[in-house]
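# Observations on the model geometry
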Protein chains: 4
Amino acid sequence: MPTRPVTQPSRRSIGAQRNPETRDAVLDAAEQVLTERGLSGFTIEAVARAARAGKPTIYKWWGSKAALLLEVYDRNKIAEFHPNTGSVRRDVAGLLVNLMDHWEGSSAGPVFRSIVAEAQANADARHALDAYLQDLSRYIALMIGRGIPRGELPPEADCTLMAEMISALALQRLLSGRSLSVKEAGLTADTLLAGFTQPA
Amino acid sequence: MPTRPVTQPSRRSIGAQRNPETRDAVLDAAEQVLTERGLSGFTIEAVARAARAGKPTIYKWWGSKAALLLEVYDRNKIAEFHPNTGSVRRDVAGLLVNLMDHWEGSSAGPVFRSIVAEAQANADARHALDAYLQDLSRYIALMIGRGIPRGELPPEADCTLMAEMISALALQRLLSGRSLSVKEAGLTADTLLAGFTQPA
Amino acid sequence: MPTRPVTQPSRRSIGAQRNPETRDAVLDAAEQVLTERGLSGFTIEAVARAARAGKPTIYKWWGSKAALLLEVYDRNKIAEFHPNTGSVRRDVAGLLVNLMDHWEGSSAGPVFRSIVAEAQANADARHALDAYLQDLSRYIALMIGRGIPRGELPPEADCTLMAEMISALALQRLLSGRSLSVKEAGLTADTLLAGFTQPA
Amino acid sequence: MPTRPVTQPSRRSIGAQRNPETRDAVLDAAEQVLTERGLSGFTIEAVARAARAGKPTIYKWWGSKAALLLEVYDRNKIAEFHPNTGSVRRDVAGLLVNLMDHWEGSSAGPVFRSIVAEAQANADARHALDAYLQDLSRYIALMIGRGIPRGELPPEADCTLMAEMISALALQRLLSGRSLSVKEAGLTADTLLAGFTQPA
DNA sequence: GCGTAAACGAGACGGTACGTCGCGTCTTAGG
DNA sequence: CCTAAGACGCGACGTACCGTCTCGTTTACGC
């Protein structure tokens, strides 16, 4: 004799196809749980409860905590980190500020930190993290590269490594819980570009 | 019915004082477990089993997984990251290589990555991580600063930020699982110092 | 995205009427699953998979595991338990042997044991079991009653109770997993009829 | 960050030894759950909740639902089924009445029926059931055997088979949910002993 | 020199979460 | 209206660890 739920469930199957409402409810719930209770409170059970979804449904579509985390992060990725002020120095400083604001001013920061944590125990998450960080670096490198035709940087400048140092600095601050001031962002740009351009 | 162990335990109390053998056995076991089974296999139960120690003993002296992790890492810290070749450029490149070798060539890497992961859920670990990273940056800043009296860097160079970018790059590579080649280490030094010195 | 099955399904609807092929396929599959995987492996899901049928189809036509079980058992009921040798003693012994052979030599035994198990948690199944056992007893009582006009039993003999003891003995052996030898069947008849007839 | 229970648990460990309070609490809870919610509501989770015990504790000491069930039944076994009235006929009738009363008038009946059900899917439970039923038969056989020296039964009477038919009749009635009246108990004794003794 | 106190191993305990299975219901899409 | 298919909410499964607790033993130290 199976158990009959006392209250009607809020969502039902819509037939032999994935229910997008469920998908959204789970992602919303995951983001909320992560924000409110932190990484250690981020359990599949808690997400399922908050989403009024069944655990098997979550495992069916996401398969692991890391996969869920990544999709939550993807949903929250901002489209435009890279300002275009016509000055590499201002662009770099602005990007650093934008990135830190994005991480600290929304749920993106806790989510991303959770992905980094997960990546230390889970190879799939690690590869996803690596891919994401490389994407970010490429993004930044393109932004820096715009300075070459403008003469702000010499053609031989290694934009890729400069970009990686920028993302790494932001990551390190995020992970260790120290914020980055606007002034520091400016100084970082100055320091990094000192060899090529003059301080503003 | 009290349990009669079939085999005699390997260690006993030595009276009303902490047993240093137990301390060492626990730290050794923790390092071994972490290395062999990874962060997800690093549980207090596993450490206790491997150390033939009781769980309460571990909780008494370390209090949390993070504390144990930190002490394991402290034990493995290397004394000398900073070469002194007389050239800032070579020093920076050498330090990057040393640091990555230290992380990848011993159990220090997995241990440190575990601390970073733990720090994303645990404020104590986060503060410890921050303190450690700032120590590391100061260390590197001192190394870079030696170039100022030698004329390799102008007095106004922001050694602290440069140092932080170096440690951040290494950290990012460690966390995302990409190693750093000797060539990249050299290029990093070149890129960072481009404004002040000439490539070797 | 609706699923596109790689292989064409074996059966389709035949329009607005029950498909007898489906009925047979489900009953066959149920019997097979029960025989091969036992009562604990007998799940609606397993039957549906084995029959290539949808779960709702099964629920529509049978409504519960017990109902399915009962129909499987009905299909396998033997028509003729009661031998007619002209001797009550031989008839009783023969019936016991026939019944145990039927249960142990086909899928009827596991199916019936499953019904008994189901009946302990499910009132419908319990009533069905009771009805079946009373039928069986009546059957046996009629067989025994044939001895009265022949003078093997006195008119006042309680054929119903004797019949019930016979079916009960067989049931107990079935449920506890002990088989009943031919010799024991004969002894049972002797013991039961000792008061009325002489041993053969 | 592990969860701290808000309320203090009612029972704690008493050291590296089994806590008899826990044992009793689990058995009490198991009996209560089985009685109140029936076999289908008898889940390890429900027992654990009712006993305020952890599931792992139950699995550690009982290992399976069947084992728990058997221990609950053992605890409730009555010591004395077999009356001794000096008359086999009255003894048999009395025992049947006692047995049915025991099953129907306490939690022993539901518990025993659950064991029978479990035994149809679980070999361990089946062997335990078989052993229990054989014990019961031996018990009854001894009772019947007392009639031989008194001359109520001839020495060649097969007490074992008679005993088994008695227990089987009671079992069949229990399992199919039909009670056995005092009158039927008397008739059963009469029928079984008709060959040897005269009705009372 | 002897009792006390602390450290230790062991492991039981109440819990939470894990990831999986089956339940019974629902909707779709196709005959 | 029937069918196959399968998503869904739900809850139980049996397991792994968590962090706490008590036990009995062993030793150093203070009275």
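Note that the structure is a prediction, hence the values are computed from the model and not measured. (Residues numbered from 1 in each chain as written. Chains lettered and ligands numbered in written order. Predicted model: local features only at pLDDT ≥ 70, side-chain atom pairs only at ≥ 80, totals over all residues. Heavy atoms only, no water.)

## Quick look at the nonpolar core
- Ranked by size, the top nonpolar core spans 128 residues in total, and within it Leu68(A), Phe112(A), Ile144(A), Leu68(B), Phe112(B) and Ile144(B) carry the most contacts.
- Excluding residues within four positions of it along the chain, Ile144(A) makes contact with Val88(A), Val92(A), Leu153(A), Cys159(A), Met162(A), Ala163(A) and Ile166(A). (Core = buried A, V, L, I, M, F, W, Y, C linked by side-chain atoms within 4.5 Å. Buried < 20%, exposed > 50% of the residue type's maximum accessible area, 1.4 Å probe, protein only. Contact = heavy atoms within 4.5 Å.)

## Regarding the interface of chain C and chain D
- On the side of chain D, 36 residues touch chain C, which itself brings 36 residues to the contact.
- Contact between chain C and chain D buries roughly 3,300 Å² in total, counting both sides, with carbon and sulfur atoms accounting for 63%.
- When the area that chain C buries against chain D is broken down by residue, the three leading residues are Gln120(C), Met165(C) and Gln172(C), summing to 20%.
- Asp130(C) is the partner of Arg178(D) in a salt bridge, and the nearest nitrogen-oxygen pair spans 3.9 Å. (Buried area = accessible area lost by both parts, 1.4 Å probe. Salt bridge = Lys/Arg side-chain N within 4 Å of Asp/Glu carboxyl O.)

## Structural notes on the relation of the copies chain C and chain D
- Between chain C and chain D, the superposition needs a rotation of 180° and an axial shift of 0.0 Å, giving an RMSD of 0.2 Å. Such values leave the two copies arranged in the relation of a two-fold axis.
- By residue overlap, the copies meet face to face through one surface: 100% of the interface positions of chain C are interface positions in chain D. (Least-squares fit on C-alpha atoms with pLDDT ≥ 70 in both.)

## Some details on the interface of chain A and chain B
- Contact residues are listed per partner, giving 36 residues for chain A and 36 residues for chain B.
- Together chain A and chain B conceal approximately 3,300 Å² of surface at their shared face, both sides included; 63% is due to carbon and sulfur atoms.
- Among the residues of chain A in contact with chain B, Gln120(A), Met165(A) and Gln172(A) are the three that bury the most area, contributing 20% of the side total.
- Where chain A meets chain B, there are 6 salt bridges.
- The partner of Arg178(A) in a salt bridge is Glu164(B), and the shortest N-O contact between them spans 3.6 Å.
- Here chain A and chain B share 10 residue pairs in polar contact (both at pLDDT 80 or more) between them.
- Put simply, the parts of the chain that give the side of chain A that touches chain B at least two residues each are helix 6 (108-119), helix 7 (123-145), helix 8 (159-176) and helix 9 (182-193) of chain A.
- Tallying contributions element by element places helix 8 of chain A first for the side of chain A that touches chain B, with 12 residues.
- Here the residues of the side of chain A that touches chain B sort into 18 nonpolar, 10 polar and 8 charged. (Polar contact = N/O pair within 3.5 Å; in protein donor to acceptor, adjacent residues only side chain to side chain. Helix = DSSP H or I, 4+ residues; strand = E, 2+ residues; numbered from the N terminus. Nonpolar A, V, L, I, M, F, W, Y, C, P; charged D, E, K, R; others polar.)

## Notes on the relation of the copies chain A and chain B
- At an RMSD of 0.1 Å, chain A and chain B line up after a rotation of 180° and a shift of 0.0 Å along the axis.
- By residue overlap, the copies meet face to face through one surface: 100% of the interface positions of chain A are interface positions in chain B.

## Observations concerning the domain arrangement of chain A
Residues and elements named next belong to chain A.
- Each domain of chain A was delimited in the assignment, giving domain 1 (20-63) and domain 2 (77-193).
- Centre-to-centre separation of domain 1 and domain 2, based on C-alpha positions: 29 Å.
- The partner domain 2 presents 5 residues to the 4 residues of domain 1 that form the contact.
- Buried surface at the junction of domain 1 and domain 2, summed over both partners, amounts to about 380 Å²; 72% is from carbon and sulfur atoms.
- For the domain 1 face of the interface with domain 2, the top three residues by lost area are Glu31, Leu34 and Leu39, together amounting to 83%.
- Our count for the contact surface shared by domain 1 and domain 2 stands at 0 salt bridges.
- At the boundary of domain 1 with domain 2, the tally comes to 1 residue pair in polar contact (both at pLDDT 80 or more).
- By residue class, the composition of the side of domain 1 that touches domain 2 is 2 nonpolar, 1 polar and 1 charged. (Domains from an automatic or database assignment.)

## Here's the deal with the protein's contact with DNA strand E
- If you check the shell around DNA strand E, you find 56 residues, and the closest are Tyr59(A), Trp61(B), Pro56(C), Tyr59(C) and Trp61(D).
- Expressed as a percentage, the sugar and phosphate content of the atoms of DNA strand E within 4 Å of the protein is 70%.
- Take Ser13(A): an N or O atom from its side chain is 3.5 Å from a base oxygen of DNA strand E.
- In the environment of DNA strand E, a base oxygen lies 2.6 Å from a nitrogen or oxygen atom belonging to the side chain of Lys55(C).
- Elements represented by at least two residues in the surface near DNA strand E include exactly helix 2 (44-51) and helix 3 (55-61) of chain A, helix 3 (55-61) of chain B, helix 2 (44-51) and helix 3 (55-61) of chain C together with helix 3 (55-62) of chain D.
- Per-class residue counts for the surface near DNA strand E are 19 nonpolar, 23 polar and 14 charged. (Near = heavy atom within 4 Å.)

## Structural notes on the protein's contact with DNA strand F
- Of all residues adjacent to DNA strand F, which total 64 residues, the nearest are Trp61(A), Pro56(B), Tyr59(B), Gly15(D) and Tyr59(D).
- Among the atoms of DNA strand F lying within 4 Å of the protein, the sugar-phosphate backbone contributes 73%.
- One nitrogen or oxygen atom from the side chain of Trp61(C) is found 2.7 Å from a phosphate oxygen belonging to DNA strand F.
- Glu45(D) is positioned with one of its backbone polar atoms (N or O) 2.9 Å from a phosphate oxygen of DNA strand F.
- Contributions of two or more residues to the surface near DNA strand F are made by helix 3 of chain A, helix 2 (44-51) and helix 3 of chain B, helix 3 of chain C together with helix 2 (44-51) and helix 3 of chain D.
- A breakdown of the residues in the surface near DNA strand F according to their chemical character gives 22 nonpolar, 24 polar and 18 charged.

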